[in-house]
Amino acid sequence: MNHPDHNQVLCPKCDKGNPAGSTTCAFCSIIFARYRPDRPKPRVKPRRGTAPLGLFAMSRTARFLSRLARTVGAGIPLQQALRQSSGNEKLPVQQITRFLDTGAGLTDACARSGIVWPAYVWAHLEAGERSGRLPEMLESLADEIMARRKRILAQIFNWRTIWFALIIIGGTVTLALTETIRNLSAERVQEGTESVLAGLALGTVTRIFLFGGSASALVLGFLWFQLKGKYLLTQRFPRIEEARLRLPLFGDILRGETLARYLTLLGRMLGAGLPLPESLDLARADIEFPNWQKSFRKIQEAVLAGNTLSRGMAAVPHMPADLIAEIEVGETTGDLAEGMERYADLMRENLARLHQTAGWVTGAALVGFGFLVGLLILLRGMTSWIELYERVL
């Protein structure tokens, strides 16, 4: 394409001006005679917003995905299915359908619309599109979200947290009373029983508000950590991620849940006929631990280099040895996808036992914590009475 001053020619690739008669671009180095504008450009994924879902958002999102799975599975066009399935959900359906009309896929259309979802949601959506099993993956995703919601609720509302709350409430009231006793003046004691009781009531109520504010902050901090804190801290600090993955028992649960989801998704992709490198890339996106996800890239690189899948997995940290053996058997027999899903099912059965054990361990720790708090408050109360007795006498 000639430039308006006729002494330059615009590069058809980078639009920079070059001297007339040039055979190559001085800026991007393409050879003009060999440049093919019809050559397909690499697909650039739009930026996907990632953040954990709240408890209410989990329920709404799961219902939306389940309805969308049923409508798409019934053969209804995707644009119409989105409008019918959205209901009262706060989703930019009009924007999504507008991007779909321009030829974008569902995952890219949702990303361009500014929707914020966790990484595993994006991974399932893209996997469903690329494998041709969108209804199945949407339904599986809805089940996964509801299962996560139940796990979070179970971590918050159980006898252990009720015990913890009772410890906090009882400790707050008792500590407020003992501190009030400690600060009673000798003059108020000399004034009689009514004056003492009035002083105790006023001082206790005042200190309950003071200590209760600290206790409420502690409880709210615990809730924030369970819902969002663990995710945000893991995303920002690699050492926290590594510490969580290496924790005894609790690290086993985190690794097991992640690997079970990874293997299930990978097996479904292979069962749908997708190439192994592409399936590995889709399944890797489901992992929510950033640095561990980067380690899983080694599997894809090993396969592309001509190595076996089992050898690539052996290079990833925290990978169980029996899983490597299971993959080797699948590579030998040819039932790799089925073997992965079977192993994932066995992992989920083991995870149920680990969750039960973790519950008992946490419960025992809270009982010990309650005993320690009670003992400290008892000692504090005894010293308060002794100090008051010495002042009055």
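As shown above, the structure is provided for reference.
What counts and what doesn't
Residues numbered from 1 in each chain as written. Predicted model: local features only at pLDDT ≥ 70, side-chain atom pairs only at ≥ 80, totals over all residues. Heavy atoms only, no water. Helix = DSSP H or I, 4+ residues; strand = E, 2+ residues; numbered from the N terminus. Rg over C-alpha atoms; globule rule 2.2 N^0.38 Å. Contact = heavy atoms within 4.5 Å. Areas by Shrake-Rupley, 256 points an atom, 1.4 Å probe, with all protein chains shown as cover. Lys, Arg positive; Asp, Glu negative; His and termini not counted. Charge placed at Lys NZ, Arg CZ, Asp CG, Glu CD. Core = buried A, V, L, I, M, F, W, Y, C linked by side-chain atoms within 4.5 Å. Buried < 20%, exposed > 50% of the residue type's maximum accessible area, 1.4 Å probe, protein only. 1 Å grid on protein atoms, 1.4 Å probe; cavity = no way out; pocket = protein on both sides within 12 Å on 5 of 7 lines; lining within 4 Å. Points joined across faces, edges and corners; volume = space filled by probe spheres on them. Nonpolar A, V, L, I, M, F, W, Y, C, P; charged D, E, K, R; others polar. Expected span 1.5 Å × (residues − 1). Axes fitted to C-alpha atoms, helices over the stretch in contact; angles between N-to-C directions. Parallel < 35°, antiparallel > 145°, perpendicular 65-115°, else oblique. Patch = residues over 30% accessible without salt bridge, like charges linked within 9 Å, V, L, I, M, F, W, Y side chains within 5 Å. Salt bridge = Lys/Arg side-chain N within 4 Å of Asp/Glu carboxyl O. Polar contact = N/O pair within 3.5 Å; in protein donor to acceptor, adjacent residues only side chain to side chain.

Undergrad: Looking at this structure, how should I read the overall build of the protein chain?
TA: Looking only at helices and strands, one finds 16 helices and 2 strands in the protein chain. Taking 21 Å as the expected radius of gyration for a compact globule of 393 residues, we find that the protein chain reaches 31 Å, considerably beyond that expectation. On the principal axes, the C-alpha backbone points of the protein chain span a range of 110 × 65 × 45 Å. Contacts in the protein chain between residues at least 24 apart in sequence constitute 57% of all its contacts with a sequence separation of at least 6. On the protein chain, roughly 22000 Å² of surface is accessible, and the fraction owed to carbon and sulfur atoms is 60%. Distance between charge centroids for the protein chain: 5 Å, based on 47 positive and 36 negative side chains.

Undergrad: Whenever I open this one, the nonpolar core confuses me. Can you help?
TA: Nonpolar side chains tend to gather and get buried jointly when the protein is soluble and globular. Leu68, Leu82, Ile96, Leu106, Trp117 and Ile145 are the most contacted members of the largest nonpolar core, which has 32 residues in total. Those elements giving two or more residues to this core turn out to be α1 (55–73), α2 (78–86), α3 (93–101), α4 (106–112), α5 (119–131) and α6 (134–156). At 9 residues, α1 tops the list of elements feeding residues into this core. Each residue touching tryptophan 117, except ones within four places of it in the same chain, is listed here: Gly49, Thr50, Ala51, Leu53, Thr61, Leu91, Cys110, Trp122 and Leu125. Among the nonpolar cores identified, the runner-up in size contains 29 residues, and Leu245, Leu266, Phe296 and Met319 belong to it.

Undergrad: What am I meant to see in the layout of surface pockets here?
TA: A water-sized probe rolled over the atoms picks out the places where empty space is left. Of the voids in this model, the largest pocket is the one considered here, and its volume is about 1300 Å³. Surrounding the largest pocket, 40 residues form its lining, Gln155, Gln226, Lys230, Arg244 and Leu254 being those nearest its centre. Of all the elements in the fold, those that place two or more residues in the lining of the largest pocket are α6, α7 (159–182), α9 (193–236), α10 (238–246), α11 (250–271) and α16 (336–392). Looking at the lining of the largest pocket, the element that brings in the most residues is α9, giving 10 residues. Split by residue class, the lining of the largest pocket holds 21 nonpolar, 10 polar and 9 charged.

Undergrad: What exactly am I supposed to notice about the side chain of serine 66 here?
TA: Mapped onto the secondary structure, serine 66 falls in helix α1. In this structure serine 66 comes out as buried when scored by relative accessible area, which is 14%. Serine 66 has contacts with Glu139 and Ala142, leaving out every residue within four places of it along the chain.

Undergrad: I keep staring at helix α13 (residues 290–304) and nothing clicks. Help me out?
TA: In an α-helix, one turn spans 3.6 residues, which is why side chains three or four residues apart end up on the same side. In this model α13 runs 22 Å from its N-terminal to its C-terminal C-alpha over 15 residues, within 8% of the 21 Å that 1.5 Å per residue would give. Inspection of α13 places Trp292, Gln293, Ser295, Phe296, Ile299, Gln300, Ala302 and Val303 among the buried residues, and these make up the whole buried set.

Undergrad: Help me understand unusual backbone geometry, please; the structure alone is not making it clear to me.
TA: At leucine 249, a residue that is not glycine, the phi angle is positive and equals roughly 70°. Among the secondary structure elements, leucine 249 is positioned in the loop between α10 and α11. Residues other than glycine seldom take positive phi values, yet histidine 318 does so here, at roughly 65°. Considering the arrangement of structural elements, one finds histidine 318 in the loop between α14 (309–314) and α15 (321–333).

Undergrad: How should I be thinking about empty space enclosed by the protein in this particular structure?
TA: Evaluation of the coordinates by the stated rule reveals 1 cavity of 30 Å³ or more. Considering only enclosed or pocket space, the largest cavity measures out at about 40 Å³ in volume. Contributions of two or more residues to the lining of the largest cavity are made by α1 and α4. Looking at which element gives the most residues to the lining of the largest cavity, the answer is α1, with 3 residues.

Undergrad: Where do I start with the packing of α10 against α13 in this structure?
TA: Orientation of α10 relative to α13, taken along the N-to-C sense of each, is 80°, at an axis distance of 8 Å. By the criterion of interaxial angle, the relationship of α10 to α13 is roughly perpendicular. Contact residues: Pro238, Glu241 and Leu245 in α10; Pro290, Asn291 and Trp292 in α13.

Undergrad: Could you clarify how one ought to interpret a nonpolar patch on the surface in this entry?
TA: On the surface, Phe371, Leu372, Leu375, Leu376, Leu378, Leu379 and Met382 cluster together into a nonpolar patch covering about 710 Å² of accessible area. Counting through the fold element by element, leucine 375 comes out in helix α16. The partly exposed category is assigned to leucine 375, whose relative accessible area is 37%.

Undergrad: Help me understand the side chain of serine 85 in this model?
TA: Within the secondary structure, serine 85 sits in helix α2. In terms of polar contacts, serine 85 uses its side chain to reach the backbone amide nitrogen of leucine 68, at 3.4 Å. Those residues in contact with serine 85 that sit more than four places away from it in its chain are Phe64, Arg67, Leu68 and Thr71.

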